[in-house]
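# Notes for the structure review
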Amino acid sequence: MKPTDPGFVNDLANLDRLRAGIKGKGDTESLRAAAEQFEALFTQMLFKSMRQANEAFESDLMSSSNTKFFEEMRDEQMSSELSARGSLGLADLIVEQLSALEKPPATPEEQAKAAQEKAAGFEAIQQSRQVSADDVLAKVFAAKDTTAIDTAAKEKAASAPEKAAIPAASATTPAEFVRPPLRQPQEKPFSSPEDFVTRMRPFAEKAAGMLGTDPAVLIAQAALETGWGKKVVKNAAGDSNNLFNIKADPRWAGNKVATQTLEYHDGIPVQERAAFRSYNSYEDSFNDYVRFLNDNPRYSEALASPQDPRRFIRNLHQAGYATDPKYADKIINVMDTVRKLMK
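Structure report, in brief. Sequence positions are assigned chain by chain, starting from 1 and proceeding in written order. Residues qualify for local features only when their pLDDT is at least 70, as the model is predicted, and side-chain atom pairs are given and counted only at 80 or more; totals for whole chains, interfaces and linings, by contrast, use all residues. Based on all heavy atoms of the structure, the side-chain values leave hydrogens and waters out of the count.

### A short note on the packing of helix H7 (residues 193-211) against helix H9 (residues 282-295)
When two helices pack together, their arrangement is captured by the angle between the axes and the distance separating the axes. Only the stretch in contact is used when a helix axis is fitted, and all axes are lines through C-alpha atoms; the angle between N-to-C directions ranges over 0 to 180 degrees. Numbering of helices and strands runs from the N terminus, with a helix taken as a DSSP run of H or I at least four residues long and a strand as a DSSP run of E at least two residues long. Packing of H7 against H9 leaves a shortest axis separation of 9 Å and a crossing angle of 20°. When the axis of H7 is compared with that of H9, the two are roughly parallel. In this structure, H7 meets H9 at a crossing whose hand is right-handed. Of H9, the residues touching H7 (which contributes Arg199, Met200, Phe203, Ala204, Lys206, Ala207, Met210 and Leu211) are Tyr282, Glu283, Phe286, Asn287, Tyr289, Val290, Leu293 and Asn294. All amino acids are sorted into three groups, where Ala, Val, Leu, Ile, Met, Phe, Trp, Tyr, Cys and Pro are nonpolar, Asp, Glu, Lys and Arg are charged, and the leftover types, Gly among them, are polar. Split by residue class, the contact of H7 with H9 holds 11 nonpolar, 2 polar and 3 charged. Any angle between 65 and 115 degrees counts as roughly perpendicular, while under 35 counts as roughly parallel, over 145 as roughly antiparallel, and the rest as oblique. Throughout, a crossing is termed right-handed when the near helix is turned clockwise from the far one, and left-handed when it is turned anticlockwise from it by less than a right angle. Contacts were defined at the residue level, with two residues in contact if any of their heavy atoms lie within 4.5 Å.

Structural data, given as structure tokens:
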């Protein structure tokens, strides 16, 4: 159906023409025209909210009452044109929902059949959209296994020519070619801060011994990064077991988990998407944390004087470990709680 042409949104005479046009049309076309106008009003409100949200970033040099006036006119016209083109689809949903009210009530058999068709359609959509990391990894490992099995079978046939060659399809997969699990193992959830400190203490003491610092500061840092273990970075493939939120830069060749994170730019928090390192266990996370600090020269000053945990974490922060301006102070506050729980 061809949508109603709204014309210039600030043309007052156009409203009368629109009303006259609707009166001469059927109920369906009238509903379509009203739905498009409603969608345009909704879009205008959306644009207005976005403008107000950005007022904190505006400068007096680039903003004035005249500028805001023309921006408002442009937003109104743009919302009207978007509605006429059906770009958002809100008008279509309104027409579909209100048109259904005019239909006679369906019989129980028709309702049951519609419910089954809706469930089947939803399942089909979910299956078509689910191109997960597990599927991709399964194909990769399947290809590697096939190649490895073929190679092993050829070597065995060459070393024992008197024996019949074993077909690759019936060969048993050697131990070194066993496919690793596609999902990260799930650690037991933490019931309380005390439980977190108790379970992390052995790993922290080992890592602190290698760094020469207090294990309490490492537990405090992990507690702050993960909310006492309740907010460890995860995705559909499972937990990353990343206690220190170390990002997966190009040097990292292990598993990764991509998710939203909060970063600070000039003191302003901003949501960003980033990839983080993924480990098989919390112990691996502590071990990689030690390697990460030792392999990065910018943390050399922090590693030069690790005996004082407060100075250690402040030097780590100043070297750029985190963008939160109060990162070190927060860890020091948490460290006092950790020490009480460690007694």
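### Overview of H7
The bend at a residue is defined as the angle formed between two axes, one fitted to the seven residues ending at that residue and one fitted to the seven starting there. The sharpest bend along H7 measures roughly 50° and falls at Arg201, with the proline Pro202 sitting one to four residues further on. Only protein chains enter the area calculation, which uses a 1.4 Å probe; residues under 20% of their type maximum are buried, those over 50% are exposed, and those in between are partly exposed. Of all the positions in H7, only Asp195, Phe196, Val197, Met200, Ala204, Ala207, Ala208 and Leu211 are classed as buried. The inward-facing, buried residues of H7 contact helix H8 (215-226), H9, helix H10 (300-304), helix H11 (309-318) and helix H12 (327-342). Immediately beyond the C-terminal end of H7, within one or two residues, lies Gly212, with a positive phi of roughly 80°.

### Let's talk about the layout of surface pockets
Where empty space is left can be seen by rolling a probe of water-molecule size over the atoms. Site definitions follow a grid-based scheme: protein atoms alone, a 1 Å grid, a 1.4 Å probe that fits but cannot get out for cavities, and for pockets an open set with protein on both sides within 12 Å along at least five of seven lines, plus lining residues having an atom within 4 Å of a point. Grid points are joined across faces, edges and corners, and a volume is the space filled by probe spheres set on the points. By volume, the largest pocket amounts to about 850 Å³. Lining of the largest pocket is provided by 34 residues; of these, Glu225, Asn245, Thr261, Leu262 and Glu263 occupy positions nearest its centre. Of all the secondary structure elements, the ones that give two or more residues to the lining of the largest pocket are H8, strand E3 (256-265), strand E4 (268-277) and H12. Of the residues forming the lining of the largest pocket, the biggest block, 7 residues, is contributed by E3. Taken together, the residues of the lining of the largest pocket break down into 13 nonpolar, 10 polar and 11 charged.

### Examining the pairing of E4
Of the pairings in the sheet, the one linking E3 to E4 comprises 10 bridges and is antiparallel in character. Its bridge partner lying in E4, Gln260 is registered against Arg273. Only when DSSP finds a minimum of two bridges between them are two strands counted as paired.

### Some details on the packing of aromatic side chains
Under the pairing criterion, centres of Phe, Tyr and Trp rings, with the six-membered ring standing for Trp, must be within 6.5 Å; the plane angle then separates stacked pairs below 30 degrees from edge-to-face pairs above 60, leaving the rest tilted. Under the counting rule described, the total for this entry stands at 12 aromatic pairs. With a centroid separation of 6.3 Å and 75° between ring planes, the pair formed by Phe292 and Tyr321 is classed as edge-to-face. One end of the pair, Phe292, is in helix H9; the other, Tyr321, is in the loop between H11 and H12, with 29 residues separating them in the sequence. One exposure class covers both Phe292 and Tyr321, and it is buried.

### Some thoughts on the side chain of Asp249
Along the polypeptide, Asp249 turns up in the loop between strand E2 (238-239) and E3. Two N or O atoms form a polar contact when they lie within 3.5 Å of each other; inside protein one atom must be a possible hydrogen donor and the other a possible acceptor, and for residues adjacent in sequence the pair counts only when both atoms belong to side chains. Of note is the side chain of Asp249, whose polar atom sits 2.6 Å from the side chain of Arg251.

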